[in-house]
Amino acid sequence: MTLGLINANPVVHAKKERVARTEDLHGDDAVDPLEIYDFVRDIRDPEHPYSLEQLSVLSEESITVDEKLGRILITFTPTIQHCSMATVIGLCLRVKLKHYFPPHFKVDIKVSPGSHANEESVNKQLNDKERVAAALENPNLRQLVDECLYSNEL
Amino acid sequence: MDFSEEGLELKEIQRLEGHNDKVWSLAWNPTSTLLASCSGDKTVRIWQRSPSTSSWHCKAVLEETHTRTVRSCAWSPSGKLLATASFDATTAIWELIGDDFECVSTLEGHENEVKSVSWNASGSLLATCSRDKSVWIWEVQPGNEFECVSVLQGHTQDVKMVQWHPIMDVLFSCSYDNTVKIWAEDGDSDDWHCVQTLGESNNGHTSTVWALSFNPEGDKMVTCSDDLTVKIWDTDSITMQAGEGYAPWKHLCTLSGYHDRTIFSAHWSREGIIATGAADDAIRFFVESKDGLVDGPLYKLMLKKEQAHDMDINSVQWSSGENRLLASASDDGTIKIWELASIT
């Protein structure tokens, strides 16, 4: 069954307890990195029936928000250095967050420094919106992304 | 003309709504009476100004031909044909027949997404480029037939835009591989080949080059990039006009520190004003500066419009008409018509 898997034996971590976030912690409509984390932590890994959180691809520290400039940076850590699924994970994050922010917010998605053998080229591809748009029109890729986003396997 | 002393402002004339996805690209017809726009919603819209009210309205929606995003559009120099390039790997040719635009030809051959299309000055040649890394040159034949006369390989990554020189039959392409390539025909053999590559080693860009545009004389070119810079290039106009066809291009100056997100579009106006549109939602205008002639011509920021759109700006296009009209297209699904007008 595991034949062909890129990382056949990933390390699985316990899910973090979901903390009830206090509403209006900032007393305004500020974008809270932890709220974003709650929203994306359960995306399923493209290869395994585990969430990105369980595989430590994402953590609470993955998301930084610059409210003033309207910038959101998400860094994720692929389970192995040569993960060819990194671009699929990036697409999942983009699709999931597409309508989450006010339109003027700019989202950058990167692999965390040193976590991927082709870090620069993966980051370039993840942030080329024309390639992202084209990838999401590709039925096979779209299906893969949708399976990660709407999976009940977890 | 010294624009800096004039006191100009960018006035929003109208906001055009209709597309229900990103608007990727815009093209004015040669007389600037029609504006074509294309979108992630798989359609092309044709906008026209009504003479009575002076306001713009959607004259036609070109749909049910492309099956994926329409990435780019270009009018033939005669204004009779509109070419549209799509992620569905085809380029469609549309003709206004009676009151309707009809798809009269479909150009197939690219392996995947076609990203840009451009007509040469005489309308006898068409160029297309794709994620398949190739640039194709098509010859326009009678009866709306298009024959591929050359497939140009050379870029190492997807090709973002093709643009013919405004006077000569020399083709320019820019790419995700960070370079601009210049293609010309061999005098004898009718073979097209790459005559120059403008890359990092010639003071070129350090990331994806998204667009390029020429000044009206055709001896200067502007390029814009994901490296957040705008670069101006020039060539020897005397050699160019001597009929040699191609004269080498060299880097003139780099404008950096203005846009702080990817610059997707740059367009040089008839009067010499460069407009740029970027992912920072802003439009900027650059003009030649007469102050620093000691070191040759430099360019300076003349005006900027922050928050011109709610989202990324993908295309800015000057009209060729009398007024300084500029159209901009955005991820927010809208097109805006602006006038660069004197402050009143």
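Position numbers for residues start from 1 in each chain and track the written sequence from start to end. Both sets of labels track the order of writing: A upward for chains, 1 upward for ligands. Where totals are concerned, whole chains, interfaces and linings use all residues; where local detail is concerned, this predicted model gives features only for residues with pLDDT of at least 70, and gives and counts side-chain atom pairs only at 80 or more. Computation of side-chain values covers all heavy atoms of the structure but excludes hydrogens and water.

What about the pattern of salt bridges?
Thinking step 1. A pair is scored as a salt bridge if a Lys or Arg side-chain nitrogen falls within 4 Å of a carboxyl oxygen belonging to Asp or Glu. Under the definition given, this model contains 25 salt bridges over all chains.
Thinking step 2. Measuring nitrogen to oxygen at the nearest pair gives 3.5 Å for the salt bridge that ties R142 of chain A to D146 of chain A. One end of the pair, R142 of chain A, and the other, D146 of chain A, are both in helix α5 (residues 139–150), four residues apart, so they sit about a helical turn from each other.
Thinking step 3. To sort residues, take the accessible area from a 1.4 Å probe on protein chains only and compare it with the maximum for the residue type: under 20% means buried, over 50% means exposed, and anything in between is partly exposed. Using a relative accessible area of 29% as the deciding quantity, one classes R142 of chain A as partly exposed.
Thinking step 4. Salt-bridge contacts for R15 of chain B lead to E17 of chain B; the nearest nitrogen and oxygen are separated by 2.3 Å.
Thinking step 5. When salt bridges with common partners are traced through the structure, they connect D128, E130 and R131 of chain A together with R71, K115, D158 and K160 of chain B into a single cluster. Secondary structure elements are defined from DSSP: runs of H or I of at least 4 residues count as helices, runs of E of at least 2 residues count as strands, and each element is numbered from the N terminus.

With respect to the pairing of strand β24 (residues 283–289) of chain B
The side chains of a regular strand alternate between the sheet's two faces.
Residues and elements named next belong to chain B.
Thinking step 1. β24 sits mainly inside the fold: six of its seven residues count as buried.
Thinking step 2. Relative to β24, strand β23 (residues 274–278) runs antiparallel, the two sharing four bridges. If you follow G277 over to β24, its bridge partner there is I283.
Thinking step 3. Following β23, the chain reverses through four residues before pairing antiparallel with β24; D281 in that reversal takes a positive phi of roughly 70°.
Thinking step 4. Pairing between strands requires that DSSP locate at least two bridges from one strand to the other. Examined bridge by bridge, β24 and strand β25 (residues 298–305) share seven bridges and lie antiparallel to one another. Bridge assignment links E288 to a residue of β25, and that residue is Y299.

Notes on the interface of chain A and chain B
Thinking step 1. Taken together, the contacts link 17 residues of chain A with 27 residues of chain B.
Thinking step 2. Counting the surface lost from both chain A and chain B, the interface buries some 1800 Å², and carbon and sulfur atoms represent 42% of this.
Thinking step 3. Summed over the three residues of chain A that lose the most area to chain B, namely K124, K129 and E130 of chain A, the buried surface amounts to 38% of that side.
Thinking step 4. Our count for the contact surface shared by chain A and chain B stands at twelve salt bridges.
Thinking step 5. Here R71 of chain B makes a salt bridge to E130 of chain A, at a shortest N to O gap of 2.4 Å.
Thinking step 6. Counting of polar contacts relies on pairs of N or O atoms within 3.5 Å, with two restrictions inside protein: one atom must be capable of donating a hydrogen and the other of accepting it, and residues adjacent in sequence are counted only when both atoms are side-chain atoms. Counting across the interface, chain A meets chain B through 20 residue pairs in polar contact (both at pLDDT 80 or more).
Thinking step 7. Going through the elements one at a time, β3 (106–111), α3 (119–126) and α4 (129–136) of chain A are the ones with two or more residues in the side of chain A that touches chain B.
Thinking step 8. Considering every element that reaches the side of chain A that touches chain B, the biggest residue donor is α4 of chain A, with five residues.
Thinking step 9. Residue type decides the class: Asp, Glu, Lys and Arg count as charged, Ala, Val, Leu, Ile, Met, Phe, Trp, Tyr, Cys and Pro as nonpolar, and the leftover types, Gly among them, as polar. Taken together, the residues that form the side of chain A that touches chain B break down as four nonpolar, four polar and nine charged. In what follows, a contact means two residues having at least one pair of non-hydrogen atoms within 4.5 Å. Take the accessible area each of two parts loses on contact, using a 1.4 Å probe, and add the two losses: that sum is the buried area.

What to know about the UniProt feature "repeat: WD" (unreviewed entry) in chain B
All names here are of chain B.
Thinking step 1. As recorded in UniProt, the sites labelled "repeat: WD" (unreviewed entry) are residues 16–48, 63–96, 107–148, 152–183, 202–237 and 306–344.
Thinking step 2. The span residues 152–183 shows a helical share of 0% and a strand share of 50%, and its end C-alpha atoms are spaced 8 Å apart.
Thinking step 3. As annotated, residues 306–344 has a helix share of 0% and a strand share of 51%, and its two end C-alpha atoms lie 20 Å apart. UniProt positions are given in the numbering used here, feature names are shortened, and annotations may be inferred rather than shown by experiment.

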